[in-house]
Number of protein chains: 2
Amino acid sequence: MAVALRAGVRPDDRVAVRRLVASTGFFTANEEEIAVELVEDALAKGESGSGYHFLFAEDGGHVVGYVCFGPIAGTAASHDLYWIVVDSARRGGGVGRVLERACVDAVKALGGLRLYVDTSSRSQYEPTRAFYRASGYEEVARLKDFYAAGDGKVIFVKALDAGTAPGAA
Amino acid sequence: MAVALRAGVRPDDRVAVRRLVASTGFFTANEEEIAVELVEDALAKGESGSGYHFLFAEDGGHVVGYVCFGPIAGTAASHDLYWIVVDSARRGGGVGRVLERACVDAVKALGGLRLYVDTSSRSQYEPTRAFYRASGYEEVARLKDFYAAGDGKVIFVKALDAGTAPGAA
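Residues numbered from 1 in each chain as written. Chains lettered and ligands numbered in written order. Predicted model: local features only at pLDDT ≥ 70, side-chain atom pairs only at ≥ 80, totals over all residues.

**Observations regarding the overall build of chain A**
When helices and strands are tallied, chain A shows five helices and seven strands. Relative to a compact globule of 169 residues, whose C-alpha radius of gyration would be 15 Å, chain A shows 15 Å and is just as compact. Along the first, second and third principal axes, the C-alpha set of chain A runs to 40 × 40 × 35 Å. Counting over 169 residues, chain A shows a buried share of 34%. (Helix = DSSP H or I, 4+ residues; strand = E, 2+ residues; numbered from the N terminus. Rg over C-alpha atoms; globule rule 2.2 N^0.38 Å. Buried ≥ 20, exposed ≤ 12 C-beta atoms within 10 Å, placed from the backbone.)

So, in structure tokens, the structure goes:
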């Protein structure tokens, strides 16, 4: 695992994010557009201004994964993990785990105490749900038929230990 | 109960919404700003463009309550009931019930099949939660400490009967 983490979104991340999201085969064209729009929003307003923070995993300068997260408006210290995407060619190689840990550290640094993530109840997403469970997230809700008939929303949360210093594993 | 319903947001609703939200004593200054921003968004982009739809309850041309709702992005037919606010002087008079019914009809007309509403778990909101239960909403999730320590998010949903004609009681 020779990936390096980079904070701070750049204009060419629009292309990288589109490529990564498309590589998974998981997302609709509309979801792909939304992923790119969040990058554009962060480029236009800054990460704090937009509320969308990014971390990129790179291998030899090539982006192989990213995570997008930010504070939930109207809450004191809850954050959302909006997207965590790994290049399909690198799945199972630990990139997602590195990104998730870095995201947790960054959210703690922003003062976050709880990290929420939503996913689909469809069987296609079972590996995603298993990843969150293995990463210490607890399933706290399941909203039947939320996305569509037969496609519910599963909400996970990870309570962040304020006592752990950022960067500590 | 001599209230009339009005669809379609107008510039002077900014003042009305601010007055109604402030009258309740329930919301923070920040929440008051958000309520007004949704009106401004709907005025600028149209209700469909903004995703924020409004219905106003009026008595003699005076706004005594309103409801704000709209489709949830990324879902086939789920809608959110964002705000339902009644002038504190008119609480208990059935205005909320009239607005909720009109909202359900409007959501059905937009093709919505499920109507979600979030509220706080704090005791101050027990009358709000009782209102939703009495209106046919089911509690489907409780996210502990979501808004702040000791202040959870309660999620209700009402499954809308596609077979019922809009307007029917």
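Here the narrative resumes, following the displayed structure.
**Considerations on the interface of chain B and chain A**
With 14 residues of chain B in contact, the opposing surface of chain A contributes 14 residues. Secondary-structure elements contributing two or more residues to the side of chain B that touches chain A are strand S6 (138-148) and strand S7 (151-159) of chain B. No other element matches S6(B), which puts seven residues into the side of chain B that touches chain A. Classifying every residue of the side of chain B that touches chain A gives nine nonpolar, three polar and two charged. (Contact = placed C-beta atoms within 7 Å. Nonpolar A, V, L, I, M, F, W, Y, C, P; charged D, E, K, R; others polar.)

**Digging into the relation of the copies chain B and chain A**
Relative to chain A, chain B is turned by 180° and slid 0.0 Å along the rotation axis, the superposed coordinates differing by an RMSD of 0.0 Å. Given the turn and translation reported, the copies of this chain are related as if by a two-fold rotation axis. The position closest to the rotation axis in chain B is occupied by the C-alpha of Ala141(B), lying 2.7 Å away. The residues that chain B uses at the interface reappear at the interface of chain A in 100% of cases, marking a shared surface. (Least-squares fit on C-alpha atoms with pLDDT ≥ 70 in both.)

**Points about the pairing of strand S4 (residues 78-86) of chain A**
Consecutive side chains along a regular strand alternate between the two faces of the sheet. Residue and element names in this part refer to chain A. Most of S4 is tucked away, with eight of its nine residues classed as buried. Where strand S3 (residues 62-71) lies against S4, seven bridges are found, and the strand directions are antiparallel. Note on S4: the bridge partner recorded for Cys 68 is Trp 83. In this antiparallel pair of consecutive strands, S3 and S4, the connection spans six residues, and Gly 74 shows a positive phi of 85°. (Pairing = 2+ DSSP bridges.)

**Considering helix H2 (residues 29-45) of chain B**
Residues and elements named next belong to chain B. Helix length check: H2, at 17 residues, gives a terminal C-alpha distance of 24 Å against a target of 24 Å (1.5 Å per residue), a fit within 8%. Residues of H2 that are buried sit in contact with helix H1 (13-24), helix H3 (47-50), strand S2 (53-59), strand S3 (62-71) and strand S4 (78-86). One or two steps after H2, the chain reaches Gly 46, where phi turns positive at roughly 80°. (Expected span 1.5 Å × (residues − 1).)

**Here's the deal with the sheet that holds strand S2 (residues 53-59) of chain A**
All names here are of chain A. Spatially, seven strands are ordered S1-S2-S3-S4-S5-S7-S6 in an open sheet, and the strand pairing comes out mixed. Two strands lie at the open edges of the sheet, namely strand S1 (4-7) and strand S6 (138-148), each paired on one side alone. Looking at each pair of strands side by side, their axes are set apart by 25° on average, direction ignored. (Axes fitted to C-alpha atoms, helices over the stretch in contact; angles between N-to-C directions.)

**Observations regarding the packing of helix H1 (residues 13-24) of chain A against helix H2 (residues 29-45) of chain A**
All names here are of chain A. Direction vectors running N to C along H1 and H2 enclose 155°, while the axes themselves pass 9 Å from each other. On the basis of their axis angle, the class for H1 and H2 is roughly antiparallel. Here H1 runs over H2; the crossing is right-handed. Of the residues in H2, those in contact with Asp 13, Arg 14, Val 17, Arg 18, Val 21 and Ala 22 of H1 are Glu 32, Ala 35, Val 36, Val 39 and Glu 40. (Parallel < 35°, antiparallel > 145°, perpendicular 65-115°, else oblique. Left-handed = near helix turned anticlockwise from the far one by under 90°.)

Such coordinate-based values are descriptive only and should not be taken to indicate function.
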